[in-house]
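Structural characterization, general
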There are 2 protein chains.
Amino acid sequence: MFRLVPQDKAYRLLNHGPTVLVGSRSGDRANVMAAAWAMPLDFDTPKVAVVIDKATLTRQLVEASGHLVVSVPCVAQAALVRAVGSESGLQHPDKLVRCGVSHAPGPRTGAPLVSGCIAHLECRVLPATAHVAGPHDLILAEVIESSADDRVFSDGRWHFETAPDDLRSLHHVAGGFFYAIGQPVGD
Amino acid sequence: MFRLVPQDKAYRLLNHGPTVLVGSRSGDRANVMAAAWAMPLDFDTPKVAVVIDKATLTRQLVEASGHLVVSVPCVAQAALVRAVGSESGLQHPDKLVRCGVSHAPGPRTGAPLVSGCIAHLECRVLPATAHVAGPHDLILAEVIESSADDRVFSDGRWHFETAPDDLRSLHHVAGGFFYAIGQPVGD
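All residue numbers here refer to positions counted from 1 along the written sequence of the relevant chain. Chains carry letters and ligands carry numbers; both start at the beginning, A for chains and 1 for ligands, and go up in the order they are written. Under the rules for a predicted model, residues below a pLDDT of 70 receive no local features and side-chain atom pairs below 80 are neither given nor counted, while totals for whole chains, interfaces and linings still include all residues. For the side-chain quantities, the full set of heavy atoms in the structure was used; hydrogens and water were omitted.

**Observations regarding the overall build of chain A**
Only DSSP runs of H or I with at least four residues qualify as helices, and only runs of E with at least two residues qualify as strands; both kinds are numbered from the N terminus onward. Scanning chain A from N- to C-terminus turns up four helices and 14 strands. A radius of gyration in this sense is built from C-alpha atoms; the matching globule rule multiplies 2.2 Å by the number of residues raised to 0.38. Against the globule reference of 16 Å for 187 residues, chain A gives a C-alpha radius of gyration of 15 Å, in line with a compact fold. Taken along its principal axes, the extent of the C-alpha atoms in chain A is 45 × 35 × 30 Å. Contacts were defined at the residue level, with two residues in contact if any of their heavy atoms lie within 4.5 Å. In chain A, the share of contacts with a sequence separation of at least 24, taken over all contacts with a separation of at least 6, comes to 65%. Using a 1.4 Å probe, accessible areas were evaluated by the Shrake-Rupley method; residue-level cover was limited to the displayed protein chains. A total of about 7,100 Å² of accessible surface is found on chain A, and carbon and sulfur atoms cover 52% of it. Neither His nor the chain termini are counted; the positive set is Lys and Arg, and the negative set is Asp and Glu. Working definition for charges: the position is that of NZ of Lys, CZ of Arg, CG of Asp or CD of Glu. Counting 16 positive and 19 negative side-chain charges, chain A places the centres of these two groups 3 Å from one another.

See below:
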């Protein structure tokens, strides 16, 4: 079951460096892309930083709407992550259908929350950061609300070791090849 | 053996989201801190983004020298990463000795390369980015030269699955608890 994550724990959804999906919507156009370059930027108020190329539909929709969703996909979705990471929403207006992406509108932003992900962070773009978005494609955003699948995230942290391996986060190496997050490291 | 990484593959050292160490030196003062908030920012010329709190010695040394080293520690170093992540170089001028950090000066920057890490990225701070360093503690830097341990990184990518588990990267969850990077994800 999905449960809201306290704002001061939201950074932990990204702290271990997973590859993410970025969902966006403006009017009746929606898109989802894959991004390996995303990280927390602050604790409370939680913020995130994510690199979104200016040649993408996602970038257009994020700039038009001022919102985005960062979602954490899992091993069961590896083929979907590869698909949305290689097809362009500019080239294929029906990308989400082509890629078999099932989604629902985020309650706070309307941007697509992809079914099967293990966490979602609904965000508003920090408007004063255009000076890094221009030269570096670096989008800074404030987390409005986040939620996570309580089979893998509870009591404010991930617990991958007690859940099915299919629910582990994905970490992109290169060329559509991923590692799953692995074993706990003891003392 | 450590080998140089081609500039256009340097981003791959951080692409899967490992927790890193940040090494810095100015004059005869050197420091190493742990950072979970680091990511690639560009391919070629490679760049990185890393959050470094303004209340740290590292931030002082990075701003004074204009250089930093991002290193990727491994499972064998978990205790060291916890130690340098919890002690302050401002409070303890002998922090590196206290934490048992063995290091050598980076050939391009002089900043400390911590022995036992599986990769190092020597970087110069992008000076035009003070506007994100101020409000967000976000340091953007260009990679000058990078190198990696060829037991785990070769042919331009990580190969954790063919090396000892102690050489896997660390991914910080919370409170000094890490996951190691895990298994390859098939189709």
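**Some points on empty space enclosed by the protein**
The distinction between a cavity and a pocket rests on a 1 Å grid over the protein atoms alone: a 1.4 Å probe fits inside a cavity but cannot get out, while a pocket stays open yet meets protein on both sides within 12 Å along at least five of seven lines, and a residue with an atom within 4 Å of a point counts as lining. Grid points are joined across faces, edges and corners, and a volume is the space filled by probe spheres set on the points. Following the criterion strictly, the structure yields one cavity of 30 Å³ or more and no others. Empty space within the largest cavity amounts to approximately 60 Å³. Lining the largest cavity are 14 residues, with Gly-17 and Ala-38 of chain A together with Gly-17, Ala-38 and Met-39 of chain B positioned closest to its centre. At the level of secondary structure, the elements contributing two or more residues to the lining of the largest cavity comprise β4 (38–42) of chain A together with β4 (38–42) of chain B. Its residues placed into classes, the lining of the largest cavity shows 11 nonpolar, three polar and no charged. Asp, Glu, Lys and Arg are counted as charged, while Ala, Val, Leu, Ile, Met, Phe, Trp, Tyr, Cys and Pro are counted as nonpolar; the rest, among them Gly, fall into the polar class.

**A few points about helix α2 (residues 78–86) of chain B**
Residues and elements named next belong to chain B. For each residue, the accessible area found with a 1.4 Å probe, counting protein chains only, is set against the maximum for its type, and the residue is called buried under 20%, exposed over 50%, and partly exposed in between. Of the positions making up α2, those classed as buried are Ala-78, Leu-80, Val-81 and Val-84. Buried positions in α2, seen along its axis, are confined to an arc of 160° and lie on one side of it. Of the exposed residues in α2, the ones pointing more than 90 degrees away from its buried face are Ala-79 and Ser-86. Directions are taken from the helix axis to each C-beta atom, and the arc is the one they span.

**Description of the relation of the copies chain A and chain B**
The transform that puts chain A on chain B rotates by 180° and translates by 0.0 Å along the axis, for an RMSD of 0.0 Å. Those values place the two copies in the arrangement expected of a two-fold rotation axis. Take the interface residues of chain A: 100% of them recur as interface residues in chain B, which is what a same-surface contact looks like. Each copy is superposed on the other by least squares, with the fit set by C-alpha atoms of residues at a pLDDT of at least 70 in both.

**Considerations on the nonpolar core**
Among soluble globular proteins, nonpolar side chains are generally buried collectively. Core analysis: the largest hydrophobic core is formed by 37 residues, its most contacted members being Leu-68 and Trp-158 of chain A. For this core, the elements supplying multiple residues, two or more each, are β2 (20–26), β3 (29–35), β5 (47–51), β6 (67–72), β9 (119–125) and β10 (138–149) of chain A together with β13 (170–174) and β14 (177–185) of chain B. With four residues, the single largest contributor to this core is β10 of chain A. Not counting residues up to four positions away in its chain, the partners in contact with Leu-68 of chain A are Val-22, Gly-23, Val-50, Ile-52, Val-62, Leu-121, Glu-122, Cys-123, Val-125 and Ile-139 of chain A. Side-chain atoms within 4.5 Å are what join buried Ala, Val, Leu, Ile, Met, Phe, Trp, Tyr and Cys residues into a set we call a nonpolar core. Residues Ile-139, Val-143, Phe-153 and Phe-160 of chain B belong to the second largest nonpolar core, which totals 36 residues.

**Section: the packing of aromatic side chains**
Each aromatic pair joins two rings of Phe, Tyr and Trp (for Trp, the six-membered one) with centres within 6.5 Å, and gets the label stacked for planes under 30 degrees apart, edge-to-face for over 60, and tilted for any other angle. For the structure shown, the criterion picks out 14 aromatic pairs over all chains. Taking 5.1 Å as the distance between ring centres and 85° as the angle between the ring planes, the aromatic pair formed by Phe-153 of chain A and Trp-158 of chain A counts as edge-to-face. For the pair shown, Phe-153 of chain A and Trp-158 of chain A are each scored as buried. In textbook terms, an aromatic cluster arises when at least three aromatic residues are bridged by ring pairs, as seen for Phe-153, Trp-158 and Phe-160 of chain A together with Phe-177 and Tyr-179 of chain B. Taking NZ or CZ as reference, Arg-157 of chain A lies 4.1 Å from the ring centre of Phe-177 of chain B, over its face. Any Lys NZ or Arg CZ found within 6 Å of a ring centre and within 35 degrees of that ring's normal is scored as a charge over the ring.

**Digging into the interface of chain A and chain B**
Taken together, the contact between chain A and chain B spans 48 residues of the former and 48 residues of the latter. Both faces considered, chain A and chain B share a buried interface measuring about 3,900 Å² in area, 65% of it formed by carbon and sulfur atoms. In this description, buried area is defined as the sum, over both parts, of the accessible area (probe of 1.4 Å) that is lost when the two are combined. It is Trp-37, Tyr-179 and Val-185 of chain A that lose the most area in chain A upon contact with chain B, and together they represent 21% of the buried surface on that side. We count a salt bridge whenever a side-chain nitrogen from Lys or Arg sits within 4 Å of a carboxyl oxygen from Asp or Glu. Our count for the contact surface shared by chain A and chain B stands at zero salt bridges. In protein, a polar contact requires one atom able to donate a hydrogen and another able to accept it; more generally it is a pair of N or O atoms within 3.5 Å, and residues adjacent in sequence count only if both atoms are side-chain atoms. Taken together, the links from chain A to chain B amount to 18 residue pairs in polar contact (both at pLDDT 80 or more). Breaking the side of chain A that touches chain B down by element, the ones donating at least two residues are β4, β5, α2 (78–86), α4 (130–136), β10, β12 (157–158), β13 (170–174) and β14 (177–185) of chain A.

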